[in-house]
Amino acid sequence: MKKRRLEQGQYGYRDQHKRQQLLLILLGVLAILLQLGARRFTQQDAFKNILTVMAIVSVLPVANLAAPFLAAFRYRTPGPDFYQKLSPYESQAAVLYDLILTSKELIMPMDGVVVHPLCVLFYCSDPKLPVQKAEAFLNDMFRSLHLDPHAKVFTEETAFFKRVASLKPSDDHEDDGSVDYTIRSLKALSM
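(A) Structural view of the sheet that holds strand β1 (residues 94-102). Pairing is mixed in the open sheet, where four strands are placed in the order β1-β2-β3-β4. The open sheet terminates on both sides in strands that have one partner only, identified here as β1 and β4 (151-154). Neighbour-to-neighbour, the strand axes of the sheet open up by a mean angle of 25 degrees, direction not taken into account. One ladder, built from four bridges, connects strand β3 (residues 120-124) with β4; its direction is parallel.

Structure follows, in structure tokens:
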């Protein structure tokens, strides 16, 4: 049975994306090593120089893949119990999973994001995340995207679920298209 490809924002995306990135990085490293190894089997200096330049030029794309991979390596998809707790709220608001948002100073692994017309609630399982800095960055980002700055970040799971449970269904509120725009923007900004 073929596994389906998960899209950004779906549960399990982070782990699947990490496996795909690792495969691409390994293939890139293998290509570089093959190019350098092929130098030993040629006698012409011009051909050796071309293979060397090809290997050097191949390093940049591999490094571009490896940098975000290494930055996000330690962040895994949360366990299935988290998904089972959050998925019932998908009928009340839009829910995104496994986003990794970055600023100049922070890497924010957002395990769950609830996008509601009145607010956007973020859950980050990293207890060391400076919540005020993260909220300030997210609200500034929302302002720059011409959205209302209404982000709230939680590092404590019980507080996050308590706040999510207090939301009224998004059908009760008039949506001017900002929910879909917020979802697209968050996916675009995620690693």
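(B) Expanded view of helix α2 (residues 45-72). Spanning 28 residues, α2 covers 41 Å between terminal C-alpha atoms, matching the ideal 40 Å at 1.5 Å per step. Of all the bends in α2, the largest measures some 25 degrees and sits at Val 62. Looking at the buried residues of α2, the elements they touch are α1 (13-38) and β1.

(C) Region of the structure containing the packing of aromatic side chains. Counted under the stated rule, the structure contains eight aromatic pairs. Look at Phe 82 and Tyr 123: their rings are 5.4 Å apart centre to centre, the planes differ by 25 degrees, and that puts the pair in the stacked class. In this pair, Phe 82 is assigned in helix α3 (residues 80-86) and Tyr 123 in strand β3, connecting sequence segments 41 residues apart. Across this residue pair, the class does not change: Phe 82 and Tyr 123 are buried. Connected via pairs of aromatic rings, a cluster forms that spans Phe 82, Tyr 123, Phe 154, Phe 160 and Phe 161. A cation over an aromatic ring shows up here: Lys 152 above the ring of Phe 154, its NZ or CZ 5.5 Å from the ring centre.

(D) Representation of the pattern of salt bridges. Tallied over the entire structure, the rule returns five salt bridges. Measuring nitrogen to oxygen at the nearest pair gives 3.5 Å for the salt bridge that ties Asp 126 to Arg 74. With a gap of 52 residues between them, Asp 126 in the loop between β3 and α4 (131-144) and Arg 74 in the loop between α2 and α3 connect regions that are remote in the sequence. The exposure class assigned to Asp 126 is buried, which follows from its relative accessible area of 12%.

(E) A look at the side chain of Asn 139. As for its placement among the helices and strands, Asn 139 is situated in helix α4. Overall, the relative accessible area of 13% leaves Asn 139 in the buried class. With sequence-adjacent residues up to four places away left out, Asn 139 is seen in contact with Pro 149, His 150 and Ala 151.

(F) Seen up close, α1. Compared with the 38 Å implied by 1.5 Å per residue over 26 residues, the 37 Å span of α1 between its first and last C-alpha is a close match. Burial in α1 covers these residues: Tyr 13, Arg 14, Asp 15, Gln 16, Lys 18, Gln 21, Ile 25, Gly 28, Ile 32 and Gln 35. Elements in contact with the buried residues of α1: α2, β1 and β2 (107-115).

(G) Here's a closer look at the state of the cysteines. In this structure the tally under the stated criterion is zero disulfides. We note that Cys 124 lacks a disulfide partner, and the nearest cysteine sulfur, in Cys 119, lies 18 Å from it. Residue classification places Cys 124 among the buried residues on the basis of a relative accessible area of 0%.

What counts, and where the lines are drawn
- Residues numbered from 1 in each chain as written.
- Predicted model: local features only at pLDDT ≥ 70, side-chain atom pairs only at ≥ 80, totals over all residues.
- Heavy atoms only, no water.
- Pairing = 2+ DSSP bridges.
- Helix = DSSP H or I, 4+ residues; strand = E, 2+ residues; numbered from the N terminus.
- Axes fitted to C-alpha atoms, helices over the stretch in contact; angles between N-to-C directions.
- Expected span 1.5 Å × (residues − 1).
- Bend = angle between axes of the 7 residues up to and from the residue.
- Contact = heavy atoms within 4.5 Å.
- Phe/Tyr/Trp six-rings, centres within 6.5 Å; stacked < 30°, edge-to-face > 60°.
- Buried < 20%, exposed > 50% of the residue type's maximum accessible area, 1.4 Å probe, protein only.
- Lys NZ or Arg CZ within 6 Å of the ring centre and 35° of its normal.
- Salt bridge = Lys/Arg side-chain N within 4 Å of Asp/Glu carboxyl O.
- Disulfide = S-S within 2.5 Å.

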